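Commentary on secondary and tertiary structure
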Amino acid sequence: MECSVAIQVLPMDSASDEDTIRVVDAVIAEIQKYDVNPYVGPFETAIEGDYDTCMEVLKKCQLVAAEAGCGQVMTYAKIDYKPNGAVLTTEKKVGKYHQGEN
Ligand SMILES: Cc1ncc(C[n+]2csc(CCO)c2C)c(N)n1
């Protein structure tokens, strides 16, 4: 796992909280189509995988928000990239806090 990215999509012209949720839901549904082990949190979604796939997913987020009717979207991304190694996985970072779930 050479890359992990935390993606926070912020629709800037939402009319309401429900509208924000609708746009973010569309983005998360798109992220879930990829094999990137999405971990959804209250502020952002973390993904992991090879670099090109992570960048493809990151690019798609804005396009999906636009398709969902968003006239302006701000996206904040935190990228962990280790070209010759493995980044810490989501499981390694937070798995211990989710024991007993599922
Ligand atoms: C990519 C991405 N993932 C999660 C959030 C955080 N978030 C904002 S609204 C909401 C509820 C969706 O039903 C969640 C989880 C975000 N902003 N962008």
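Residues numbered from 1 in each chain as written. Predicted model: local features only at pLDDT ≥ 70, side-chain atom pairs only at ≥ 80, totals over all residues. Heavy atoms only, no water.

Rule in force here: UniProt positions are given in the numbering used here, feature names are shortened, and annotations may be inferred rather than shown by experiment.
The protein is annotated in an unreviewed UniProt entry as Thiamine-binding protein domain-containing protein from Parolsenella catena. In its Sequence similarities (unreviewed entry) section, the UniProt entry covering the protein states "Belongs to the UPF0045 family."

**Description of the UniProt feature "domain: Thiamine-binding protein" (unreviewed entry) in the protein**
Counted only if it meets this: Counting from the N terminus, the helices are DSSP H or I runs at least four residues long and the strands are E runs at least two residues long.
In the UniProt entry, the feature "domain: Thiamine-binding protein" (unreviewed entry) is given for residues 5-97. Along residues 5-97 one finds 40% helix and 25% strand; the C-alpha atoms at either end are 20 Å apart.

**Details of a nonpolar patch on the surface**
Rules: In this analysis, a patch consists of residues with relative accessible area above 30% that form no salt bridge, clustered at 9 Å for like charges and at 5 Å for the nonpolar side chains Val, Leu, Ile, Met, Phe, Trp and Tyr. In these tables, accessible area is a Shrake-Rupley quantity obtained with a 1.4 Å probe, and a residue counts as shielded only by the protein chains included in the view. For this analysis, a salt bridge means a side-chain nitrogen from Lys or Arg found within 4 Å of a carboxyl oxygen belonging to Asp or Glu.
On the surface, a cluster of nonpolar side chains totalling about 350 Å² of accessible area is made up of L10, M12, M74 and Y76. Among the secondary structure elements, M74 is positioned in strand β4 (residues 73-81).

**Things to note about the pattern of salt bridges**
The test is simple: In this scheme, a residue with accessible area under 20% of its type's maximum is buried, one over 50% is exposed, and one in between is partly exposed, where area comes from a 1.4 Å probe on protein chains only.
Counting across every chain of the model gives four salt bridges. Between E30 and K33 there is a salt bridge, with its nearest N and O atoms 3.0 Å apart. The exposure class assigned to K33 is exposed, which follows from its relative accessible area of 64%. Of the charged contacts, one joins K78 and E44 as a salt bridge, the two residues approaching to 3.1 Å between their closest N and O atoms.

**Comments concerning the site of the ligand**
Quick note on the threshold: We define proximity as follows: a residue is near a molecule or strand when any one of its heavy atoms falls within 4 Å of that partner. Any N or O atom pair separated by 3.5 Å or less is treated as a polar contact, with the protein-specific requirement of one donor-capable and one acceptor-capable atom, and with residues adjacent in sequence counted only for side-chain atom pairs.
Close contacts around the ligand come from 13 residues, with I7, V9, D25, P42 and T45 the closest. D25 places a side-chain nitrogen or oxygen 2.5 Å from an oxygen atom of the ligand. At 2.7 Å, a side-chain N or O of T45 approaches a nitrogen atom of the ligand. Protein contacts shield 81% of the accessible area of the ligand, which totals 440 Å² for the unbound molecule.

**Observations regarding the environment of C54**
This is how the line gets drawn: Contacts are assigned to residue pairs that have any heavy atoms within 4.5 Å of one another.
When you line up the elements, C54 lands in helix α2 (residues 51-67). Residues within four places of C54 in sequence aside, it is in contact with C3, V5, I47, E48 and G49.

**Observations regarding the packing of aromatic side chains**
Threshold: Between rings of Phe, Tyr and Trp, where Trp is taken as its six-membered ring, a pair exists when centres lie within 6.5 Å; planes separated by under 30 degrees are stacked, by over 60 edge-to-face, and by other angles tilted.
In total, this model carries one aromatic pair according to the counting rule given. Between Y51 and Y81, the aromatic rings sit 4.4 Å apart at their centres with planes inclined by 35°, giving tilted as the arrangement. Taken together, the residues Y51 in helix α2 and Y81 in strand β4 connect sequence positions 30 residues apart.

**Description of unusual backbone geometry**
Residue N37 is not a glycine yet carries a positive backbone phi of 45°. Relative to the helices and strands, N37 resides in the loop between α1 (17-31) and β2 (39-40). Residue class for N37 comes out partly exposed when judged on its relative accessible area of 43%.

**Describing the sheet that holds β4**
Here is the rule: We treat two strands as partners when DSSP finds at least two bridges between them. To get an axis, fit a line to the C-alpha atoms, keeping to the stretch in contact for a helix; angles then go from 0 to 180 degrees between the N-to-C directions.
Read across the sheet, four strands follow the order β2-β3-β1-β4 without closing on themselves; strand pairing throughout is antiparallel. Because the sheet does not close on itself, it has two edges, and the strands there are β2 and β4. In the packing of α1 onto the sheet, contacts are made with β1 (3-11), β2 and β3 (45-49), and the angle to β1 comes to roughly 155°.

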